[in-house]
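Single-letter residue listing:
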Amino acid sequence: MNFRLKILVLLLMNALLSACVFFTKHCDYKNIYLGDRLVKIVREDYGPGKVFVHLHANESTALKAARRVARSQGGQVITLVHASTRDIEFHYHGRFYAFDPNRIYTRQGIIETLKKHHCYRKEVIPMIERFARQVLLTIPSGKIVAVHNNQDYSLLDYLPAHSLSHDAHALYYSKNISYRNFYLVTQTKDFKRYRSMGFNVIQQAFHAKDDGSLSIAMKHRNYVNVEAGYHELRPQMQMLKLA
C-alpha cells in the first residue's frame, strides 16, 4: 500500500470513529493487523436492544439502516473498518492477499475464499483464523441480526434447481416484495413469523454447505440475516425493526 493511500485510509477510519463517538452512548474497538492492513472491529452501543453485525464495508445501505434503527430503538452495531471495499486486502511477506470477511468463520471457508482470490497459502491461515475469532468474541450472546446488501446474490438462488437450493430447509417467496429483500434465518419460529407477515424468508438447512459464513458459524444460535438490495434503505430499516 503506497503512502498516499495509507493516509487516505487512516483519515477515513478517523472520520468513521469520530462519527461513532458523536452519535453513540459508547463506542469501542479492537485494532487488528493483517500484514500491513489495520482493521478495526468497532462496536457502537446505542443502549439496550438488538445486536446488528455488518461485515462488508461496501454495503453502506445496510450499515446506515442498522445505525438508524439502533439510534431509534436501541441496540449495538458491530462493523469492520478498513477500506470501502467488500474484501479485506493486505500484503504479507511480499505477497498480496484478499478474503471475504463473511467467509472466514471455519477453516474450510478460509481456504475457499483465499483460493477464490487466487492467493491461497497455508502460512496466512492462522492469522485469518485469529482475526475471525476476534470478530466472534465481539458478538455477545443472544439473538444476532446480520445486515447485508446484495447485487449478484438473491432469494432466487435458493429456488429449486438453482445454485443454493440444497442450502434451504424451507422458503417463502412473496411476488409482492423484491426478491433482493429477504430474511435468512436458522430458527423455525423465525421462519414462521416472517412468513406470516408476508416477508420473503429462507430457513437455512442445518447441514448447509460450509462456506465459512457467519450463518454457518451461528447455525446453533438464533441468527437472522437481513438482506436487501443496494439503496433499499426504507425496506431494510422496516425489516430490521421486525428482526
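Residues numbered from 1 in each chain as written. Predicted model: local features only at pLDDT ≥ 70, side-chain atom pairs only at ≥ 80, totals over all residues. Heavy atoms only, no water.

Looking at the pairing of strand S4 (residues 75-81)
Judged by how many residues are buried, S4 sits mostly within the fold: seven of seven residues are covered. Covered by surrounding structure in S4 are Gly 75, Val 77, Thr 79 and Val 81 together with Gln 76, Ile 78 and Leu 80, the residues of both alternating faces. In the sheet, strand S2 (residues 37-45) pairs with S4 via six bridges, with the strands oriented antiparallel. Bridge assignment links Lys 40 to a residue of S4, and that residue is Val 81. As paired elements, strand S3 (residues 50-54) and S4 share five bridges and run parallel to each other. For His 54, the partnering residue across the bridge sits in S4 and is Thr 79. Read from S3 through helix H2 (residues 60-73) to S4, the crossover connection turns out right-handed. (Buried < 20%, exposed > 50% of the residue type's maximum accessible area, 1.4 Å probe, protein only. Helix = DSSP H or I, 4+ residues; strand = E, 2+ residues; numbered from the N terminus. Pairing = 2+ DSSP bridges. Right-handed = clockwise from strand over helix to strand, strands pointing away.)

Overview of unusual backbone geometry
Even without glycine at this site, Ala 161 takes up a positive phi of about 70 degrees. Here Ala 161 shows up in the loop between strand S7 (144-150) and strand S8 (168-172). Assessed through its relative accessible area of 82%, Ala 161 is described here as exposed. Phi is positive for His 231, close to 70 degrees, though the residue is something other than glycine. Residue position: His 231 is located in the loop between strand S11 (223-229) and helix H7 (233-242).

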